[in-house]
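Descriptive analysis of the structure
One letter stands for each residue in the lines below.
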Amino acid sequence: MSKRIVVDPITRIEGHLRIEADIENGKIKDAYSSGTMVRLLEEILRGRDPKDAWAFVGRVCGVCTSIHSLTSVRCVEDALDITIPPNAELVRNIMFCSQYMHDHVVHFYHLHAMDWVDVVNALKADPKKTSELAQSISSWPKSSVGYFSDIQTRIKKFVASGQLGIFSNGYWGHPAYKLPAEVNLIGLAHYLEALEWQKEIVKVHAIFGGKNPHPNYLVGGMACAINLDDVSVINDERLAYVGQLLKDGKDFINQVYIPDLMAIASFYKDWGAIGGGLGNYMVYGDLPTNGYRDLSSYKFPGGAILNKDISKIYDVDLKKDDEVQEFITHSWYEYEEGNDKGLHPWKGESKVKYSGPKPPFEHLETDKKYSYLKTPRWKGNAMEVGPLARVLVGYARGREDFKEIVDKTLKDLNVPVAALFSTLGRTAARGLESVLTAQWGLEFYDQLIANIKNGDTRMAEMSKFDPATWPKSAFGVGHTEAPRGALAHWINIQDQKIANYQLVVPTTWNASPRDNKGQMSAYESSLIGTPVADENQPLEILRTIHSFDPCMACSVHLYDEKGKTISRVSVLGD
Amino acid sequence: MKHTTISPKLIFNLKIDDMNNGTELSVQPTYYEEVERKGYSRRDFVKFVSMMTAFIGLEQSAMGQVAKALESKPRMPVIWMHFQECTCCSESFIRSSHPIVADILLDKISLDYTETLMAASGTQAEAALKNTMTKYKGQYILCVEGSVPVGADGVYCMIGGKTSLQILHEVADGAAAIIAWGSCASNGCVQSAKPNPTGATPIHKLIKDKPIIKVPGCPPIGEVMAGVIVYYLTFGRIPELDRIGRPKAFYNKRVHDTCYRRPFYDAGLFVETFDDENAKKGYCLYKVGCKGPSTYNACGVTKWNGGTSFPIQAGHPCIGCSEENFWDNGGFYERGSSFAGFGIESSADTIGEVALGVTVGALAIHAVATNIGKSKLIHQHEAEGNESEHELE
């Protein structure tokens, strides 16, 4: 007999996620993932100025901030055939890289670490041994006995005060925690350190985009004009500031994040065989080095892998009618042509219709519809997107920078390539691509400086900013690699207004309910077989779910409650 | 200013000392003890106090009072709910820049429930929430991030099998006061833009019997968020609010009036299109859609991300993200209203109440007629600056 457990809310994520799981003989036999909040942003976008769309969809998410805005301006630029100046591409790339550095570090320490690090156990650590250990794995200067001792004293007093704040009711002492006290103390110290650090790297966004969260973007380029001879715009001081932030950020990633990740991973190698799930991976690719339209120039190459076979890479075409499709068989929506049809985003049609149990409720009706997320598929396949997919595709495409860092990591941990297809692999991949983006960010920065030095200060292409210059009808797709995975927006512009705007978002790929054929998506699939030592403390579920870094606000974004059909669009000849 | 102050009688009157009657809180360390424990020096503490004193709009003479309050008062339990939102407010809060702000405020307020950061999930998270609601009934601060959808009986946002509407009413019941973080909780923000398909509703329209501090912005500036909390902890009451419930300290000036590009506006020197020659000189962004003239916020003064920059400094017009219905107030690149008779001589209050989207002509007339001389002066100064550089060479 299996027993159904519910974890809701799943915390340390963005948004509202609920997991129901059936446990039998200490293992998960079946699992259901449900998104329980919806805002219907696509409906709100209809009829608005496409140039404004980036600000609306930017508000899809404040954690992976900037990334929807980037996708949106690309989407409109694709529709209107605008090519942005090289400097604007470089600034967008630099912001992209700093976003990864920020997001991945915050995910590791503030959203994921407490799945592996036992905060209370850190109090038993010997500061001297901790210091020795820290110094043996990193050259980071804050590693003295006094440093660790102070932190330990602080936390001891904190625990003694009786009010644990954010640490209340954690699963401390759970048998699945395996780290020595000293490693726990390092993790805890760097949790606090990273909280201080994270507010620095995003200053790159403030300099180019005015603020973070939610920096400003511009269709046609970026608004941050360059003039080395003026104090009030992007000048030498501002650029030097960016350079310093990128360099400091890289140091933190290489000297704190990665050594911690490797130290922690070495105690949880068994998680290299847990939480693998689908084995299908998809990447749209990003970080253009020769313009957005030259896919081959991307630092993150695109492609799809099926059944863990990294010897074959498939190309993905977002404009083809039969590649990316969304299903609603188990989602709280209705399609005109029935429950089981898949629709390409340009043909998107939907009405939300909640048909679940009346709240308050104990359980969802998981045999029927059970989520506000729709279920996207690529050529009918459930796909995992995110850091692991990116690292695997880069590796499978034979890119040197990927091969080097992946092979070194596998060697250091003494695990086979197969260990990548796992919860641990996902968490490790996020660290590895942080190293890559930290390095690339500096490369893009150097190129920006070189361009300016050569006299090119252009930052925006404004010849098509005026809607009077637009065709009567235009269709576009914009894609990126959000920190959480492949992200694309589809737009249909009619008479200078948005006729239809669709987003298919990473967490929708990963967290969606079953499709028309009953196939699970990545979250559900990865939970099957996961051991659960104490069903009242489902720490193991959190480990695997957090390894995806859920972002629920992103994943649910929808249409019209009144059931109006979104205007039909003829698909562009691809 | 026309803003009327909420009567002191309405202002939350919890005395922190009262809380000491509770056995739990009395054992809690004070802020200064916490600061010390965290390894910060007395000097750091004083620096922090001085910054927060300035932020909450007090004279430096009040610094002692702030310091004393932080040194002697215990920790306040806080429940932070997430409804229809994007978590940008939480993200902004942790960006708060002074070294001890993120650190001290995050856990020193005893953040007992926050879905973004708390270790516990599921039933353990719910238990932590219930515990604080029971133990500190009438004493905790409720922070709300996000709007509440009231459409379809509230099913567009559910946590733990309950609707956000049900949860809000339960949690608000025992709260001493409510902070409505950001534009979502203050005025509904993006999901309430037309046609507001989920019935996204701000907190003050649902909860009528509690003091509510609105801290609008998408998101609010991190230091503003920290400042609101520090004020509350320092004085045991909510800060003085304007007529629509925002803390005066941060929302009584328009971005336009505090903008470093304001002299160019007065001189009639404008960016005509992005990345043009005028953009490279940092001229005023009014003509490319800047909503600074109708937006009340601290961006021009406090700036963002530790004072690094703010949207206008990075060349983009203000989109007015702290104003109600800013999503529906015309396009972000459409020139705002005429501010009839608007000039440096006009009363800021009058202007703030002029709705956007009327006509445009008067601005140009004003600029040309009144300030053409100033424009010349600015060009002259720029030229002189260049010349003096050449001379040095």
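Rules and cut-offs
- Residues numbered from 1 in each chain as written.
- Chains lettered and ligands numbered in written order.
- Predicted model: local features only at pLDDT ≥ 70, side-chain atom pairs only at ≥ 80, totals over all residues.
- Heavy atoms only, no water.
- Helix = DSSP H or I, 4+ residues; strand = E, 2+ residues; numbered from the N terminus.
- Rg over C-alpha atoms; globule rule 2.2 N^0.38 Å.
- Buried < 20%, exposed > 50% of the residue type's maximum accessible area, 1.4 Å probe, protein only.
- Contact = heavy atoms within 4.5 Å.
- Lys, Arg positive; Asp, Glu negative; His and termini not counted.
- Charge placed at Lys NZ, Arg CZ, Asp CG, Glu CD.
- Salt bridge = Lys/Arg side-chain N within 4 Å of Asp/Glu carboxyl O.
- Buried area = accessible area lost by both parts, 1.4 Å probe.
- Polar contact = N/O pair within 3.5 Å; in protein donor to acceptor, adjacent residues only side chain to side chain.
- Pairing = 2+ DSSP bridges.
- Axes fitted to C-alpha atoms, helices over the stretch in contact; angles between N-to-C directions.

1. Brief notes about the overall build of chain A
- Secondary structure summary: chain A contains 16 helices and twelve strands in total.
- The C-alpha radius of gyration computed for chain A amounts to 24 Å, which stays within 12% of the reference 25 Å derived for 574 residues, consistent with globular compactness.
- In terms of overall dimensions, chain A has a C-alpha envelope of 70 × 65 × 50 Å along the principal axes.
- Within chain A, buried positions represent 70% of all 574 residues.
- When contacts within chain A are restricted to residue pairs at least 6 apart in sequence, those whose partners lie at least 24 apart make up 76%.
- Taking the 64 positively charged and 72 negatively charged side chains of chain A as two groups, their mean positions are separated by 2 Å.

2. Brief notes about the pattern of salt bridges
Residues and elements named next belong to chain A.
- Applying the stated criterion across every chain yields a total of 50 salt bridges over all chains.
- One salt bridge in this structure joins Glu-132 and Lys-128, with 3.1 Å as the shortest N-O distance. Of the two residues, Glu-132 and Lys-128 are both situated in helix α5 (residues 127-137); the distance of four residues between them amounts to about one turn of the helix.
- Given the relative accessible area of 46%, Glu-132 is considered partly exposed.
- One network of salt bridges, with partners in common, ties together Arg-4, Asp-8, Arg-18, Glu-20 and Asp-22.

3. Points about the interface of chain A and chain B
- Every contact between the two is made by 96 residues of chain A and, on the other side, 94 residues of chain B.
- Around 7,900 Å² of area is buried between chain A and chain B when both sides are counted, 56% of it from carbon and sulfur atoms.
- Taken as a group, Arg-154, Gln-163 and Ile-166 of chain A account for 9% of the area that chain A buries against chain B, more than any other trio of residues on that side.
- There are one salt bridge connecting chain A and chain B.
- Asp-328 of chain B is the partner of Arg-48 of chain A in a salt bridge, and the nearest nitrogen-oxygen pair spans 2.8 Å.
- The tally of links from chain A across to chain B stands at 48 residue pairs in polar contact (both at pLDDT 80 or more).

4. A look at the sheet that holds strand β3 (residues 27-35) of chain A
Residue and element names in this part refer to chain A.
- The antiparallel open sheet is built from three strands, whose spatial order is β1-β2-β3. Strand pairing shows two members of the sheet lacking a second neighbour, β1 (3-7) and β3, which therefore form its edges. Adjacent strand axes in the sheet meet at a mean angle of 20 degrees when their direction is disregarded.
- Here eight bridges tie strand β2 (residues 17-24) to β3, and the two strands are oriented antiparallel to one another. Its bridge partner being in β3, Asp-22 is matched across the sheet by Asp-30.

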